[in-house]
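Coordinate analysis (summary)
Given next are the chains, with one letter for each unit.
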Amino acid sequence: MRVKICGITQPEQSIAIASLGATALGFICVPTSPRYVTTSQIQAAVAQLPKNIDKIGVFANASIGEIKQIVVDSGLTGVQLHGDESPEFCDQLRQALPNIEILKAFRIRSLEHLETTADYVKYVDTLLLDAYHPQQLGGTGKTLDWTMLQQYSPNRPWFLAGGLTTDNIVQALSQVNPSGIDLSSGVERAPGDKDLDKVALLFERLGSRE
Ligand SMILES: O=C(O)c1ccccc1NCC(=O)[C@H](O)[C@H](O)COP(=O)(O)O
């Protein structure tokens, strides 16, 4: 299973988290986030990471030009769209960045909203389901209603996100069957400052269920 740790701001932590077992790291390119990192900060982290680690930039309602510039300058291997991007936007982004993984994030409000994720499967590589918060786009620590996801089986790999922690991860994965998981605030001391002990415990708990 893929494990993405999101909201990395310190290059040393990115190396440590990759060594602990993360398969993907997320860098927040949304300027209003407390976890925001600049292109040169991403560059510094990416340069030290092994090739097999996915380096995902998280954007919200940015233009294709802005996204492309940051991806090319920083060496990202994937783009996570965390705003209100349409299927057409995802299609255009694919044409602008053909070799980059595109993940579309959804802040799920209801079963009807969950069904709209089907409109995107043709245009993106991966779906990511996050919790809805009225004021914040992501990194909220809020969980989704997992029972709503028990029958969820899209025609694309998908990540479960939203409020996952070392305490609830085993329970979450006993209820739903995602291709990957994404954690941010559940493994940090403060926004952008990851708690490496919690990350280590996460992998211990994931290992114990295999
Ligand atoms: O984390 C942020 O600050 C953020 C800001 C704006 C858009 C997206 C953001 N995070 C996206 C993520 O992929 C988080 O990992 C995801 O929302 C889960 O966060 P958490 O509930 O804290 O585990």
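Because the structure is predicted, anything quoted here is derived from the model rather than measured. (Residues numbered from 1 in each chain as written. Predicted model: local features only at pLDDT ≥ 70, side-chain atom pairs only at ≥ 80, totals over all residues. Heavy atoms only, no water.)

**What to know about the overall build of the protein chain**
The helix and strand inventory of the protein chain stands at seven helices and 10 strands. Computed over the C-alpha atoms, the radius of gyration of the protein chain is 16 Å, within 12% of the 17 Å expected from 2.2 N^0.38 for a compact globule of 210 residues. Dimensions of the protein chain, computed from the C-alpha atoms along their principal axes, are close to 40 × 40 × 30 Å. A separation of at least 24 residues holds for 56% of the contacts in the protein chain among residues at least 6 apart in sequence. A total accessible area of about 9400 Å² is found for the protein chain, and carbon and sulfur atoms account for 48% of it. Averaging the positions of the 18 positive and the 23 negative side-chain charges in the protein chain gives two centres separated by 2 Å. (Helix = DSSP H or I, 4+ residues; strand = E, 2+ residues; numbered from the N terminus. Rg over C-alpha atoms; globule rule 2.2 N^0.38 Å. Contact = heavy atoms within 4.5 Å. Areas by Shrake-Rupley, 256 points an atom, 1.4 Å probe, with all protein chains shown as cover. Lys, Arg positive; Asp, Glu negative; His and termini not counted. Charge placed at Lys NZ, Arg CZ, Asp CG, Glu CD.)

**Quick notes on helix H1 (residues 11–20)**
Taken as a whole, H1 has its buried residues at Pro11, Gln13, Ser14, Ile17 and Ala18. Along the long axis of H1, the arc covered by the buried residues comes to 155 degrees, so they all point the same way. In this structure, H1 carries Glu12 and Ser19 as exposed residues pointing more than 90 degrees from its buried face. Two residues or fewer past H1, Gly21 is found with a positive phi of approximately 135 degrees. (Buried < 20%, exposed > 50% of the residue type's maximum accessible area, 1.4 Å probe, protein only. Arc of directions from axis to C-beta.)

**Some points on the site of the ligand**
As a structural note, the neighbourhood of the ligand is formed by 21 residues, with Ser33, Asp130, Gly163, Asp182 and Ser185 the closest of them. Within the backbone of Ser184, one N or O atom sits 3.0 Å away from an oxygen atom of the ligand. Ser185 is positioned with one of its side-chain polar atoms (N or O) 2.5 Å from an oxygen atom of the ligand. In isolation the ligand exposes 530 Å². Once the protein is present, 98% of that is buried. Going through the elements one at a time, strand E1 (2–6) and strand E8 (180–183) are the ones with two or more residues in the shell around the ligand. Tallied by class, the residues present in the shell around the ligand amount to six nonpolar, 11 polar and four charged. (Near = heavy atom within 4 Å. Polar contact = N/O pair within 3.5 Å; in protein donor to acceptor, adjacent residues only side chain to side chain. Nonpolar A, V, L, I, M, F, W, Y, C, P; charged D, E, K, R; others polar.)

**Topic: the side chain of Gln13**
By the element assignment, Gln13 lies in helix H1. The class for Gln13 is buried, based on a relative accessible area of 5%. From its side chain, Gln13 meets the backbone nitrogen of Lys194 in a polar contact 2.8 Å long. Aside from chain neighbours lying at most four places away, what touches Gln13 is Arg189, Gly192, Asp193, Lys194 and Leu196.

**A short note on the UniProt feature "domain: N-(5'phosphoribosyl) anthranilate isomerase (PRAI)" (unreviewed entry) in the protein chain**
Within this structure's numbering, the places UniProt gives as "domain: N-(5'phosphoribosyl) anthranilate isomerase (PRAI)" (unreviewed entry) are residues 3–204. Secondary structure content for residues 3–204 is 30% helix and 22% strand, while the C-alpha to C-alpha distance between its ends is 13 Å. (UniProt positions renumbered as here; feature names shortened; annotations may be inferred.)

**Let's talk about the packing of aromatic side chains**
Overall, the coordinates contain two aromatic pairs when judged by the stated rule. Judged by centre distance (5.0 Å) and plane angle (80 degrees), the rings of Phe106 and Tyr120 are edge-to-face. Pair noted here: Phe106 is in strand E5 (residues 101–108) and Tyr120 is in the loop between helix H5 (111–115) and strand E6 (126–131), with a separation of 14 residues, a long-range link. Each of the two residues, Phe106 as well as Tyr120, counts as buried. Where Tyr152 meets Trp158, the ring centres are 5.1 Å apart and the plane angle is 85 degrees; that geometry is what we call edge-to-face. The pair formed by Tyr152 and Trp158 is uniform in burial state, with each residue classed as buried. When the ring centre of Phe106 is taken as origin, the NZ or CZ atom of Lys104, which lies over that ring, is 5.0 Å away. (Phe/Tyr/Trp six-rings, centres within 6.5 Å; stacked < 30°, edge-to-face > 60°. Lys NZ or Arg CZ within 6 Å of the ring centre and 35° of its normal.)

**What about the pattern of salt bridges?**
Within the structure shown, the criterion is met by 10 salt bridges. For the salt bridge of Glu188 with Lys194, the shortest nitrogen-to-oxygen distance reads 2.7 Å. What makes Glu188 buried here is its relative accessible area of 7%. Its relative accessible area of 0% is what places Lys194 among the buried residues. We note a salt bridge from Arg189 to Asp193, for which the minimum N-O separation is 3.1 Å. (Salt bridge = Lys/Arg side-chain N within 4 Å of Asp/Glu carboxyl O.)

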